Amino acid sequence: MTFRLTRGETFSLAIEELDQADLTGATCRADLKAARNGGAPGDATEVAAAFIVSASDVVVPGGGGGWVLTLAASVTAGLTVGSYVVDARIELPSGHVEVADLQRVQVVERVTV
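Residues numbered from 1 in each chain as written. Predicted model: local features only at pLDDT ≥ 70, side-chain atom pairs only at ≥ 80, totals over all residues. Heavy atoms only, no water.

(A) Representation of the overall build of the protein within the structure. Of regular secondary structure, the protein possesses one helix and nine strands. In sequence order, the secondary structure elements of the protein are arranged as β-β-β-β-β-β-α-β-β-β. Out of the 113 residues in the protein, the part that is buried amounts to 42%. Restricting the contact set of the protein to residue pairs at least 6 apart, pairs at least 24 apart contribute 64%. Surface exposure of the protein reaches about 6,500 Å², of which carbon and sulfur atoms provide 50%. (Helix = DSSP H or I, 4+ residues; strand = E, 2+ residues; numbered from the N terminus. Buried < 20%, exposed > 50% of the residue type's maximum accessible area, 1.4 Å probe, protein only. Contact = heavy atoms within 4.5 Å. Areas by Shrake-Rupley, 256 points an atom, 1.4 Å probe, with all protein chains shown as cover.)

(B) Representation of the nonpolar core within the structure. Formed by 24 residues in total, the largest nonpolar core has its most connected members in Leu32, Phe51, Trp67, Leu69, Val86 and Val105. When near neighbours in sequence (up to four residues on either side) are disregarded, Leu32 contacts Glu46, Val47, Ala48, Ala49, Phe51, Leu71, Leu79, Tyr84, Val85, Val86 and Val105. (Core = buried A, V, L, I, M, F, W, Y, C linked by side-chain atoms within 4.5 Å.)

Here it is as structure tokens:
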């Protein structure tokens, strides 16, 4: 699935940790990276924007949780139209880092009338 992000508008995306890991003390960091070649994970380039990450009240069967990733309108206004991927990493208190499933984002120009 590809999410659509309109330049100049706030963009939010929820991610969930589904492997039933205990998320107590876990942290999440997420970046939006420009993509080439259809947005394959290995083709992500430099960071275009860092998401503001906040805990979510998402309740996942099995007791997991999640985060809401947000880009402010002022940040999205500066993005170039094109394909991006979300690089989200969850660090558990043990130090183990899990990489969230790849999310594709298509940045489009804002249409004004």
